[in-house]
Amino acid sequence: MKLQGGINFRDMGGYLTTDGRRVKKNRLYRSGSLSRLTTEDCAQLEALGVTDILDYRDLKESAADKDVVWNGARYECHPANPESHSVKNDNHDFWADENLRLIPHDFMESLYKQLPFSNRAYHRLFERVQPLETGALVQHCAVGKDRTGVGSALMLLSLGVSRDAVLEDYLRTEQTLQPFREQVLSKVESKLSTKGLENLHYLMSVKENFLGSALDAIHQRYGSMDRYFAVEYSLTPEKLAALKTNYLE
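Here is what the cut-offs are and how they apply
Residues numbered from 1 in each chain as written. Predicted model: local features only at pLDDT ≥ 70, side-chain atom pairs only at ≥ 80, totals over all residues. Heavy atoms only, no water. Salt bridge = Lys/Arg side-chain N within 4 Å of Asp/Glu carboxyl O. Helix = DSSP H or I, 4+ residues; strand = E, 2+ residues; numbered from the N terminus. Buried < 20%, exposed > 50% of the residue type's maximum accessible area, 1.4 Å probe, protein only. Pairing = 2+ DSSP bridges. Core = buried A, V, L, I, M, F, W, Y, C linked by side-chain atoms within 4.5 Å. Contact = heavy atoms within 4.5 Å.

Q: Could you clarify how one ought to interpret the pattern of salt bridges in this entry?
A: Oppositely charged side chains can pair when the atoms bearing their charge come close. Enumeration over the complete set of coordinates arrives at 17 salt bridges. Put simply, Arg 124 and Glu 76 hold a salt bridge, and the shortest N to O gap is 2.8 Å. On the criterion of sequence distance, the pair formed by Arg 124 in helix H5 (residues 120-129) and Glu 76 in strand S4 (residues 74-77) is long-range, its members being 48 residues apart. Residue classification places Arg 124 among the partly exposed residues on the basis of a relative accessible area of 22%. Through salt bridges with shared partners, a single network forms among Asp 52, Arg 74, Glu 76, Arg 124, Glu 127 and Arg 128.

Right under this line is the structure:
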């Protein structure tokens, strides 16, 4: 599905699960900011029955770049960033201003290792999807890569999609984000050194080891995804089965 003002917007449906079922299409979406949606985009999303928006951006971040909310959609903002990685500025240039002072690899690994645990945003994700028998939910952050990447991975894993397929979905962002990434890089090109541009490109890239470090941290702490979902989200085997009935075909 192509949106004129969308950033990395795509359907999460179609993936096979380990028990041979398939994630339903037009039930779960992932995206970057929805602030650039056109009137035509909104009409398309309304017609598709996309009813729920879950915004993972920090409050200042979302206020400075407000989502366009179409008719019939319910919007909620639940910041997913750990406090150590919260956005301090009110514009997209925060990557250039702050995060580039850090070692990009260390910054990304630290972020991904923290995101899966005690995260109220992902608690809200599972609260929202469990009773959603009709309609569809879109989860998003600024560009749909990190906070949304982990949230989307957890959603697919809870439905029984394999780790390899989850990583495949995550890595698709390297292509789907490219047009917006080029816009950001060209915007700040004159403000940054060559090294700064290299670092920013890295921060806006998608690497298998980013999401891999989050999944490895889950297994190191809990031993299995089932135990993780049970302890972190109170998703018992019965609740996971109900979730699969709702979102798989």
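Q: Even after reading the chapter, I still don't get the pairing of strand S3 (residues 50-55), so can you show me in this structure?
A: Looking along a regular strand, one sees side chains alternate from face to face of the sheet. Counting buried positions along S3 gives 6 out of 6 residues, so the element sits mostly inside the fold. For S3 and strand S5 (residues 136-140), the ladder comprises 5 bridges, and the chain directions are parallel. Paired with Asp 55 across the strands is His 140, a residue of S5. As paired strands, S3 and S4 are joined by 4 bridges and run parallel to one another. Paired with Asp 52 across the strands is Arg 74, a residue of S4.

Q: Is there a simple way to think about the nonpolar core in this case?
A: Within soluble globular proteins, side chains that are nonpolar tend to cluster in buried spots. Core analysis: the biggest nonpolar cluster contains 51 residues, and Phe 126, Leu 154 and Leu 211 have the highest contact counts within it. Every element with two or more residues in this core is listed here: helix H4 (104-114), H5, helix H6 (147-158), helix H7 (163-171), helix H11 (208-222), helix H12 (225-233) and helix H13 (237-247). A per-element tally of this core places H11 first, with 7 residues. Not counting residues within four places of it along the chain, the set of residues in contact with Leu 154 comprises Tyr 122, Phe 126, Ile 218, Met 225, Tyr 228, Phe 229 and Tyr 233. One finds Leu 34, Leu 37, Val 50 and Ala 136 within the second-largest nonpolar core, a separate group that totals 13 residues.

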